[in-house]
Amino acid sequence: MTVTTPRTDSSEVRADSKSPLLEVRDLKVHFPVKEGFIIQRKVGVIKAVDGVNLTVYPGETLGLVGESGSGKTTVGRAILRLEDPTDGQILLEGQDITEFRGSRLRDVRRQLGMVFQDPFGSLNPRMSAGNLVGEPLKIHGLTQGRADYRRRVAELLNLVGLNPMMAGRYPHEFSGGQRQRIGVARALASRPDVLVLDEPVSALDVSIQAQVINLIKDLQDQFSLAYIFIAHDLSVVRNISDRVAVMYLGKIVEVGSRDELYNTPKHPYTKALLSAVPTSDPVLERSRQRIVLEGDIPSPLNPPSGCVFRTRCPVATDECSRIVPELRSVQGTQSAACINGDWYNKAARPNEKSSTPQEV
Amino acid sequence: MTTETLLDVKNLSTHFRTPLGTVRAVNDVSFVLHEGETLGLVGESGCGKSVTALSIMRLVPSPPGRIVAGKIVFQGRDLLAMTEQEIRNVRGRDIGMIFQEPMTSLNPVLSIGRQLREPLELHLGMTKNQALSKAAELLQLVGIPDAETRLNSFPHQISGGQRQRVMIAMALSCEPKLLIADEATTALDVTIQAQILEIIKELTDRLGTAVIIITHNLGVVARYADSVNVMYAGRIRESGSLDQVYREPKHPYTVGLLNSVPTLDLDADIRLEPIRGEIPNLADLPIGCAFMDRCDYAVERCGESDPELVELDGTHLGACWEHERVSRVITGVTV
């Protein structure tokens, strides 16, 4: 199958809900740290993403949660090949796109879209809203003639709740919420199958945040899009996701369906994250127990041995510094990586090859 | 909590002159803060909550800003009538402030010890050595490990969470009567945010310090505040105890805010009910209620005159003509 496969093929794949749309296998993105002027020596490596596996099915939303420095944005960027993976594979509809270059990469990017966090920095200030939204149409040659182009741009602006009359305006003439709508319209222009949304609402005011969240949800229903929703706000992620993965220092520590993860979190980090989020019910707040983690996220340049979370973990034991925990099945679709979990040693091991946890 | 009044803001108005007209950032704001009380000041960007704080500290950048009217009575004295020298003795000593951006509010070229020493020497007349040992003690108090050596560090050498701890240590160093925390944890990760808020709560409880928490995060207020002021377009629209405002909101804007945020205690599949439209242009506010265009309860009267903040039920105040019709229906509570 070549990349220029007509869309009819991909909708056939979609019809079969069991086959994943996007798969990330053992993804690693390492950044070299260099020192010296003119003659640079490599003095270390930052393991921004270190062995991440993800699967996204057509039409679903996978939430990717974690604190700054957890590598969630790098995963998103690697999926779009905005960052070159050091190791691992990215499969779109079963096709390995990791090594794609040039025009093949451009073609496959039509199927992938990205919405960025910063609605101010991610739009070229010298392009009008219409041109911003229309650019992907031109790049991928998706419209025939001027009239068709204009009609499609107007349609896209309408879709995200902007008046097509505003097409001639420039980004600075729009509010933050409207700019984010332009970002969404731009990402949708090439009719992608997967959209990576990197903190799409965190820069917006709460009332505007809700508008954009609802818009994103409605568009998903309308076009049966698959989303990878990257955010640090656990309440927002819960509202939008079908499944959720929690990242810490380049690794996934827990993954599961939304209800599994939020109702019965297993990993101590997930538990701490959830308890750190205040609700807006004062009565409930008075009775809620809060797990306050100590210290900061460690430097990815020099991560702790064994379990990366052990330096802040309330239940860490000596064992944790020696054993790198792997994701093991808890129940249903939920997996977590903690050797102190009661399920951990009972769990069916994922495969024979990695059956023994690595000794450090 | 005592009922002694610590801060009494009366009809405060702070305006900014801009090329597009006068922005009434704070417009006739009045509220009272008691000793040891924690007040949450909530609202979206541009609602005037930060300018209210800056006005209390007399730090409004001028020009273009100017406090045009009102009184700010703190411990019986009007801060607005003080000379520059007098207000400098209040700032940092009786009123401490923590800002959102710990990187820009610390001086990058001075060591942390040097910066922590300053208020102690200036306000409490300590010698350099006294101040240094006190500074180390303060750093320990806010949970910075290895405090002695940290005194020699510079702001860029420590993490964002640590910087915010240094800011807290500095703001509380002279044991002020009032601490203003302006979006103090907004830029931080959730687990760090939890740490910082717990430290602020623990220390201010111990010192009996009153706190004004300025934030757009309704959850933070729900957890830490005793009372709440909701601001919109330069005015307080609703005010009362935490339970009054959160559980029985009487202003459509408060209801809108609460319905806009997904929270962990509500049903996960709930559809958010955003407030429609956008924040109005502050330089060109309508004659009537500034929230009218976004309000589901708006009637003709709302376009004619802006409702005053009036007593609805004891300490519960609201500024809405239609407050009797306003209520929040909470759907899908799971916890």
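Being a predicted model, the structure only gives us computed values, none of them experimental.

Quick word on the overall build of chain B
No. 1: A tally of regular secondary structure across chain B gives 12 helices and 12 strands.
No. 2: A compact globule built from 335 residues should have a C-alpha radius of gyration of about 20 Å, and chain B, at 21 Å, falls within 12% of that.
No. 3: Principal-axis analysis of the C-alpha atoms gives chain B an extent of 65 × 50 × 40 Å.
No. 4: By the burial criterion, 50% of the 335 residues in chain B qualify as buried.
No. 5: Long-range pairs, those at least 24 residues apart, make up 65% of the contacts in chain B between residues at least 6 apart in sequence.

What to know about the pairing of strand S7 (residues 194-198) of chain A
Residue and element names in this part refer to chain A.
No. 1: Counting buried residues along S7, five of its five residues qualify, which places the element largely inside the surrounding structure.
No. 2: Pairing of strand S6 (residues 112-115) with S7 involves four bridges; the strand directions are parallel. Looking at the pairing, Val115 lines up with Leu197 of S7.
No. 3: Taken together, S7, helix H7 (residues 206-223) and strand S8 (residues 226-231) constitute a β-α-β crossover, and its handedness is right-handed.

Things to note about the sheet that holds strand S9 (residues 243-248) of chain A
Working definition: the strands of a sheet are paired by backbone hydrogen bonds and lie parallel or antiparallel to each other.
Residues and elements named next belong to chain A.
No. 1: An order of S6-S7-S8-S3-S9-S10-S12-S11 is seen for the eight strands of this open sheet, with the pairing classed as mixed. What marks the edges here is a single partner per strand, and that holds for S6 and strand S11 (328-331). On average, each strand axis in the sheet is inclined to that of its neighbour by 20°, with strand direction left out of account.
No. 2: In this sheet, strand S12 (residues 334-336) lies alongside strand S10 (residues 251-257) in antiparallel orientation, the contact comprising two bridges. Its bridge partner lying in S12, Val255 is registered against Ser335.

Section: the interface of chain B and chain A
Interfaces are frequently sized by the accessible area removed from exposure as the parts join.
No. 1: Across the boundary between the two partners, chain B contributes 37 residues, which contact 35 residues of chain A.
No. 2: Contributing elements (two or more residues each) for the side of chain B that touches chain A: helix H8 (190-207), helix H9 (218-224), helix H10 (242-247) and helix H11 (252-260) of chain B.
No. 3: The element best represented in the side of chain B that touches chain A is H8 of chain B, accounting for seven residues.
No. 4: Of the residues contributing to the side of chain B that touches chain A, the split by class is 18 nonpolar, 11 polar and eight charged.

Some remarks on the sheet that holds strand S4 (residues 87-92) of chain A
Residue and element names in this part refer to chain A.
No. 1: Pairing within the open sheet is antiparallel, and its four strands lie in the order S2-S1-S4-S5. Of all strands in the sheet, those bounded by a partner on one side alone are strand S2 (41-56) and strand S5 (95-96).
No. 2: The pairing of strand S1 (residues 22-35) with S4 spans five bridges and is antiparallel. When the bridges of S4 are listed, Val24 appears paired with Ile90.
No. 3: Helix H2 (residues 72-79) rests against S1, S2 and S4 of the sheet, and its axis sits at about 110° to S1.

Description of the nonpolar core
No. 1: Grouped together as the largest cluster of nonpolar side chains are 190 residues, with contacts concentrated most on Ile228, Phe229 and Val246 of chain A together with Ile213 of chain B.
No. 2: Filtering out sequence-adjacent residues up to four positions away, Phe229 of chain A remains in contact with Thr61, Leu62, Gly63, Leu64, Leu197, Val237, Ile240 and Ser241 of chain A.

Description of the pairing of S4 of chain A
All names here are of chain A.
No. 1: Pairing of S4 with S5, which is carried by two bridges, proceeds in the antiparallel orientation. Paired with Leu91 across the strands is Asp96, a residue of S5.
No. 2: Between S4 and S5, which pair antiparallel and follow one another directly, the connecting turn spans two residues, one of which, Glu93, has a positive phi of 50°.

Some remarks on the confidence of the model for chain B
No. 1: Here chain B shows a mean pLDDT of 89. Residues at 70 or above account for 97%.
No. 2: With a pTM of 0.86, the predicted complex shows an ipTM of 0.83.

Some words on the environment of Gly306 of chain A
No. 1: One can find Gly306 of chain A in the loop between helix H11 (282-287) and S11.
No. 2: Spatially, the C-alpha atom of Gly306 of chain A lies 4.7 Å from that of Ile323 of chain A, the residues being 17 residues apart in sequence.

Here's the deal with unusual backbone geometry
No. 1: In the segment running from Ser62 of chain B into Pro63 of chain B, the intervening peptide bond is cis, with an omega of -15°.
No. 2: For the peptide bond that leads from Pro63 of chain B to Pro64 of chain B, omega is 10°, which places it in the cis range.
No. 3: Notably, Arg191 of chain A is not glycine yet its phi reads approximately 50°, a positive angle.
No. 4: Assignment of secondary structure puts Arg191 of chain A in the loop between helix H6 (176-188) and S7.
No. 5: If you check the backbone angles, Glu199 of chain A has positive phi at about 50° while not being a glycine.
No. 6: Of note, Glu199 of chain A is situated in the loop between S7 and H7.

Thoughts on helix H10 (residues 268-276) of chain A
No. 1: Most of H10 of chain A is tucked away: seven of the nine residues are buried.
No. 2: Check the buried side of H10 of chain A and you find it contacts helix H8 (234-240), S9, S10 and helix H9 (258-263) of chain A together with H8 of chain B.

With respect to the packing of helix H4 (residues 129-139) of chain A against H6 of chain A
All names here are of chain A.
No. 1: Their axes nearest at 7 Å, the elements H4 and H6 cross at an angle of 25°. With respect to their mutual orientation, H4 and H6 come out roughly parallel. Remark: the crossing between H4 and H6 carries right-handed chirality. Together, Ala129, Leu132, Val133 and Pro136 of H4 and Ile182, Ala185 and Arg186 of H6 make up the contact between the two elements.

What counts and what doesn't
- Residue numbers here run from 1 along each chain, matching the order of that chain's written sequence.
- Key to labels: chains lettered from A, ligands numbered from 1, both in the order written.
- Given that this is a predicted model, residues contribute local features only at a pLDDT of at least 70 and side-chain atom pairs are listed and counted only at 80 or more, while totals for whole chains, interfaces and linings are drawn from all residues.
- In this description a helix means any DSSP run of H or I spanning at least four residues, a strand means any run of E spanning at least two, and both kinds are numbered starting from the N terminus.
- C-alpha atoms define the radius of gyration in this analysis, and the globule rule sets the expected value at 2.2 Å times the number of residues to the power 0.38.
- In this scheme every C-beta is placed from the backbone, and a residue whose C-beta has 20 or more other C-beta atoms within 10 Å is buried, one with 12 or fewer is exposed, and one in between is partly exposed.
- What counts as a contact is two residues whose backbone-derived C-beta atoms lie within 7 Å of each other.
- Pairing between two strands requires that DSSP report at least two bridges joining them.
- Crossover handedness is defined here as right-handed if the route from the first strand over the helix to the second strand goes clockwise, with the strands pointing away from the viewer.
- Axis angles are defined between N-to-C directions and span 0 to 180 degrees, where every axis is a line fitted to C-alpha atoms and, for a helix, only to the segment in contact.
- As a working rule, the residues Ala, Val, Leu, Ile, Met, Phe, Trp, Tyr, Cys and Pro are called nonpolar, Asp, Glu, Lys and Arg charged, and the rest polar, with Gly in that last group.
- Nonpolar cores are identified as sets of buried Ala, Val, Leu, Ile, Met, Phe, Trp, Tyr and Cys residues joined via C-beta atoms within 7 Å.
- A residue's pLDDT is simply how confident the predictor is in it, with values from 0 to 100.
- Each angle is binned into one of four classes, with values under 35 degrees roughly parallel, values over 145 roughly antiparallel, values of 65 to 115 roughly perpendicular, and all other values oblique.
- Here a crossing is taken to be left-handed if its near helix is turned anticlockwise relative to the far helix by less than a right angle, and right-handed if that turn runs clockwise.

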